[in-house]
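# An overview of the molecular structure
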Amino acid sequence: MGMEEGIKDNAASAPNSRSTNQFKALLPMRVLQVFLLFFVLVLGISVISMHMIKYLNIQTLAPSTLISPYDERITLESFIKPPASVWHSMNDSELLWRASMEPRILEYPFKRVPKMAFMFLTKGPLPFSPLWERFFKGHEGFYSIYVHALPDYRSDFPSSSVFYRRQIPSQHVAWGEMSMCDAERRLLANALLDISNEWFVLLSEACIPIRGFNFVYRYVSRSRYSFMGSVDEDGPYGRGRYSYAMGPEVSLSEWRKGSQWFEINRALAVEIVEDMVYYHKFKEFCRPPCYVDEHYFPTMLSIGYSDLLANRTLTWTDWSRGGAHPATFGKADITERFLKKLSRGQACFYNDKPSQVCYLFARKFSPSALEPLLKLAPKVLGF
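Conventions adopted
- Residues numbered from 1 in each chain as written.
- Predicted model: local features only at pLDDT ≥ 70, side-chain atom pairs only at ≥ 80, totals over all residues.
- Heavy atoms only, no water.
- Buried < 20%, exposed > 50% of the residue type's maximum accessible area, 1.4 Å probe, protein only.
- Helix = DSSP H or I, 4+ residues; strand = E, 2+ residues; numbered from the N terminus.
- Arc of directions from axis to C-beta.
- Pairing = 2+ DSSP bridges.
- Axes fitted to C-alpha atoms, helices over the stretch in contact; angles between N-to-C directions.
- Parallel < 35°, antiparallel > 145°, perpendicular 65-115°, else oblique.
- Left-handed = near helix turned anticlockwise from the far one by under 90°.
- Contact = heavy atoms within 4.5 Å.
- Nonpolar A, V, L, I, M, F, W, Y, C, P; charged D, E, K, R; others polar.
- 1 Å grid on protein atoms, 1.4 Å probe; cavity = no way out; pocket = protein on both sides within 12 Å on 5 of 7 lines; lining within 4 Å.
- Points joined across faces, edges and corners; volume = space filled by probe spheres on them.
- Salt bridge = Lys/Arg side-chain N within 4 Å of Asp/Glu carboxyl O.

## Focus: helix 4 (residues 129–136)
- When helix 4 is considered as a whole, its buried residues turn out to be Ser129, Leu131, Trp132, Phe135 and Phe136. Across the axial projection of helix 4, the buried residues extend over an arc of 155°, all falling on one side.
- Just beyond helix 4, the residue with positive phi is glycine 138, at close to 85°.

## What to know about the sheet that holds strand 6 (residues 315–316)
- Read across the open sheet, the three strands follow the order 4-9-6; overall the sheet is mixed. Unpaired on one side and paired on the other, strand 4 (208–209) and strand 6 mark the two borders of the sheet.
- Note that strand 6 and strand 9 (residues 361–362) share two bridges and pair parallel. The residue bridging threonine 315 from the neighbouring strand is phenylalanine 361, located in strand 9.

## So, the sheet that holds strand 3 (residues 197–204)
- Taken in spatial order, the four strands make up an open sheet running 2-1-3-5, and their pairing is mixed. Looking at which strands have only one partner, the edges of the open sheet turn out to be strand 2 (143–148) and strand 5 (263–265). The mean inter-strand angle of the sheet, taken between neighbouring strand axes irrespective of direction, is 20°.
- Of the pairings in the sheet, the one linking strand 1 (residues 115–121) to strand 2 comprises six bridges and is parallel in character. The partner of alanine 117 across the bridge, within strand 2, is serine 144.

## What about the packing of helix 7 (residues 266–273) against helix 9 (residues 296–305)?
- Interaxial distance between helix 7 and helix 9 falls to 11 Å at its minimum, and their mutual angle equals 115°. In terms of orientation, helix 7 lies roughly perpendicular with respect to helix 9. Here helix 7 and helix 9 pass one another in a crossing that is right-handed. Between helix 7 and helix 9, the residues in contact are Leu268, Glu271 and Ile272 and Tyr296, Phe297, Met300, Leu301 and Tyr305, respectively.
- Across the contact of helix 7 with helix 9, the residue classes tally to seven nonpolar, no polar and one charged.

## Quick look at empty space enclosed by the protein
- Per the stated rule, a full pass over the model turns up one cavity of 30 Å³ or more.
- Of the residues assigned to the lining of the largest cavity, the class counts are six nonpolar, three polar and one charged.

## Comments concerning the pattern of salt bridges
- By the definition in use, this model includes 14 salt bridges.
- Among the salt bridges present, the one from lysine 257 reaches glutamate 233, with a minimum N-O distance of 3.6 Å. In this pair, lysine 257 is assigned in the loop between helix 6 (213–221) and strand 5 and glutamate 233 in the loop between helix 6 and strand 5, connecting sequence segments 24 residues apart.
- Glutamate 294 is paired through a salt bridge with arginine 241; the nearest N and O atoms lie 2.6 Å apart.

## A few points about unusual backbone geometry
- The linkage connecting proline 288 with the following residue, proline 289, adopts the cis geometry, with an omega of 15°.
- As for its position among the elements, proline 289 is in the loop between helix 8 (279–285) and helix 9.
- Each neighbour pair has its own omega, and for arginine 363 with lysine 364 the value is 25°, a cis peptide bond.
- Among the structural elements, lysine 364 can be located in the loop between strand 9 and helix 11 (370–381).
- Even without being a glycine, arginine 165 presents a positive backbone phi close to 55°.
- Mapped onto the fold, arginine 165 is located in the loop between strand 2 and helix 5 (178–192).
- Residue arginine 165 is classed as exposed on the basis of its relative accessible area, which comes to 62%.
- For asparagine 351, which is not glycine, the phi dihedral falls at a positive 55°.
- With respect to the helices and strands, the residue asparagine 351 is situated in the loop between strand 7 (348–350) and strand 8 (353–355).

Scope: geometric values only; no functional claims are made or implied.
Structure (structure tokens):
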């Protein structure tokens, strides 16, 4: 009987033990379920909060209190500030691609002072730099300077000079070949990197200014046209240089000739640096005695933008002696009468009205002309 009671007690205690074990086994499972439920709830609240912030534009912090996780921040100034140096490591393809980027919104969201970019295409030294220094003096912020010299040339301008470190990466240039236009496009592209440059003037080391800076700036900025010569010239030096291989992009009736030395606005400068239609045609089919620097830009701009061209240059040149190059003037030629003849007494149109002020620059001058030019500049040239 005692044995039977012991068996009954063991039998009765067995279910209790199983229940306890089952409870202990279920307890971690319930804790896990509660934790998962809590995690899902928190995740759902987070997702809903992010959507509310995104679509309802809820800002919990003022912009000034937000801390950027990065050291450098993208600001408007980083786009509009001109490069600290004109020297860079871009090749021509990269440079032209970068320079072709232009804002599509014409109204600037900042105070923009339009500048004139003076681009000097030279073999090496600038013999008239002292004269140009006087020309630019006191007009900082209204101009920028770019110099394209031979690759192995290094200028030695002092840090006080306006030409100090203004030499851009360059390549060799051959007279009358496409490398000349490549250099001009290179100058334009470098100048376009400064968003404030609005007008672009191409000059050589043999060019001089024949008007003061204020006059030049007003004359160019108030003109409705860019100053690029574009003439339909008969004879061997005009249409005679045309090749029918230029078609269909350029027909004989569209063939134009003009001075290499131009002044254009920013919109036309962009058109030149981004051109992929006419460049290869002129490079392949306009070779000496077809001089590409006299035909490429005048033709392409005449085809697409003839209504924006004044069809004349701002640089006076004397071709009266004939030959492939214009006359060069030295020390003995520089007189008060000669300089007045350059800046006055001509006939042209300015904004569709007759004018006697046709030239702002002149060439071609030898280095010996510097001394008399410096003496006469205050009286005759106005600077």
